[in-house]
Amino acid sequence: SDTVERCRLAQTHVEQGVRSRPPCRFEAVDVLWDPVSRVASQPQAPASAGALKVLLDVGHNLPALEQLFAKLERTFPGRPLRVVAGFSRDKDLAGCLDLITKAGAVRAAHLVQASHPRAAPAQEILGLVTEQRGAAGGCAVTAEGSLTAGVHAALRASS
């Protein structure tokens, strides 16, 4: 195309760029979880027995989460999910939480405070969930003390 010619990009570089994905965009990682030592590690061989599939995604707003959950359903139909999530205060928290807590495959949501200045505290997010749904059903939701604690809670419950 004209842009490729003006920037002097080789077609192979354009194709490589289109195929690549930034980190934490539907990035699948196999994890071995030892509940006794509370240590997570990556297996030596892909698809190792007992490995849990962990998907990393930085979907940070409602449209991104809608796309993420649609892709999860296409890629892992019917598989139970545990979500570890933190949000910025300036996002549509109510919409994001409604989507997560009502998604049929989600068994539990572990809320954490993201590590940036605009992050909403996990307890504040949990309060919004409680306020939103009242006595209505949905998945179990907990507030965790840190991202590590949230991941460990999800791994513990999945193993």
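Worth saying up front: this structure is predicted, and the values here are computed from it rather than measured.

### Let's talk about the layout of surface pockets
Phase 1 of the analysis: Computed from the structure, the largest pocket encloses a volume of approximately 1,400 Å³.
Phase 2 of the analysis: In this structure, the largest pocket is lined by 42 residues; those nearest its centre are Leu55, Leu56, Asp57, Val83 and Val84.
Phase 3 of the analysis: Contributing elements (two or more residues each) for the lining of the largest pocket: strand 1 (27–34), strand 3 (52–56), helix 3 (62–75), strand 4 (81–85) and helix 6 (147–158).
Phase 4 of the analysis: A breakdown of the residues in the lining of the largest pocket according to their chemical character gives 27 nonpolar, 8 polar and 7 charged.

### What about the pattern of salt bridges?
Phase 1 of the analysis: Under the definition given, this model contains 4 salt bridges.
Phase 2 of the analysis: Across the pair Lys53 and Asp30 runs a salt bridge whose closest N-O atoms are separated by 2.9 Å. One end of the pair, Lys53, is in strand 3; the other, Asp30, is in strand 1, and 23 residues separate them in sequence.
Phase 3 of the analysis: Residue Asp30 is classed as buried on the basis of its relative accessible area, which comes to 18%.
Phase 4 of the analysis: For Asp98, the salt bridge identified is with Lys102, shortest N-O distance 2.9 Å.

### Here's the deal with unusual backbone geometry
Phase 1 of the analysis: Of note in this structure, Arg38 is not a glycine but carries a positive phi near 60 degrees.
Phase 2 of the analysis: Along the chain, Arg38 falls in the loop between strand 1 and strand 2 (39–41).
Phase 3 of the analysis: With a relative accessible area of 44%, Arg38 lands in the partly exposed category.

### Some details on the sheet that holds strand 4
Pairing between the strands of a sheet comes from backbone hydrogen bonds, and it takes one of two forms, parallel or antiparallel.
Phase 1 of the analysis: With parallel pairing, 3 strands are arranged side by side in an open sheet as 4-5-6. The strands lining the two open edges of the sheet, one partner per strand, are strand 4 and strand 6 (140–143). When the angles between neighbouring strand axes are averaged without regard to direction, this sheet yields 15 degrees.
Phase 2 of the analysis: Note: strand 5 (residues 106–111) against strand 6, 4 bridges, orientation parallel. Pairing of Leu111 across the sheet is with Ala143, part of strand 6.
Phase 3 of the analysis: The strands touched by helix 4 (residues 93–102) within the sheet are strand 4, strand 5 and strand 6, with strand 5 carrying the most contacts at an inclination of about 140 degrees.

### Let's talk about the sheet that holds strand 3
Phase 1 of the analysis: With respect to topology, 3 strands assemble into an open sheet ordered 2-1-3, the strand pairing being antiparallel. Each edge of the open sheet is held by one strand with a lone partner, namely strand 2 and strand 3. Taken pair by pair, the neighbouring strands of this sheet meet at an average axis angle of 45 degrees, ignoring direction.
Phase 2 of the analysis: Packing of helix 6 onto the sheet brings it into contact with strand 1, strand 2 and strand 3, and relative to strand 1 it is tilted by some 70 degrees.

### Examining the packing of aromatic side chains
Phase 1 of the analysis: This structure, assessed with the given rule, holds 0 aromatic pairs.
Phase 2 of the analysis: When the ring centre of Phe26 is taken as reference, the NZ or CZ atom of Lys71 above it lies at 4.6 Å.

### Some thoughts on the side chain of Thr101
Phase 1 of the analysis: Looking at the secondary structure, you find Thr101 in helix 4.
Phase 2 of the analysis: For Thr101, the side chain forms a polar contact with the main-chain oxygen of Leu97, separated by 2.8 Å.
Phase 3 of the analysis: Excluding residues within four positions of it along the chain, Thr101 makes contact with Val129, Arg133, Gly138, Cys139 and Val141.

### Some thoughts on helix 5 (residues 122–133)
Phase 1 of the analysis: Taking 1.5 Å of rise per residue, the 12 residues of helix 5 would be expected to cover 16 Å, and the 17 Å separating its terminal C-alpha atoms lies within 8% of that figure.
Phase 2 of the analysis: Taken as a whole, helix 5 has its buried residues at Ala122, Ile125, Leu126 and Val129. Projected down its long axis, helix 5 carries its buried residues within an arc of 100 degrees, all on one side. Pointing more than 90 degrees away from the buried face of helix 5 are the exposed residues Gln123 and Glu131.
Phase 3 of the analysis: Next to the buried residues of helix 5 lie helix 4, strand 5 and strand 6.

Definitions and cut-offs
Residues numbered from 1 in each chain as written. Predicted model: local features only at pLDDT ≥ 70, side-chain atom pairs only at ≥ 80, totals over all residues. Heavy atoms only, no water. 1 Å grid on protein atoms, 1.4 Å probe; cavity = no way out; pocket = protein on both sides within 12 Å on 5 of 7 lines; lining within 4 Å. Points joined across faces, edges and corners; volume = space filled by probe spheres on them. Helix = DSSP H or I, 4+ residues; strand = E, 2+ residues; numbered from the N terminus. Nonpolar A, V, L, I, M, F, W, Y, C, P; charged D, E, K, R; others polar. Salt bridge = Lys/Arg side-chain N within 4 Å of Asp/Glu carboxyl O. Buried < 20%, exposed > 50% of the residue type's maximum accessible area, 1.4 Å probe, protein only. Pairing = 2+ DSSP bridges. Axes fitted to C-alpha atoms, helices over the stretch in contact; angles between N-to-C directions. Contact = heavy atoms within 4.5 Å. Phe/Tyr/Trp six-rings, centres within 6.5 Å; stacked < 30°, edge-to-face > 60°. Lys NZ or Arg CZ within 6 Å of the ring centre and 35° of its normal. Polar contact = N/O pair within 3.5 Å; in protein donor to acceptor, adjacent residues only side chain to side chain. Expected span 1.5 Å × (residues − 1). Arc of directions from axis to C-beta.

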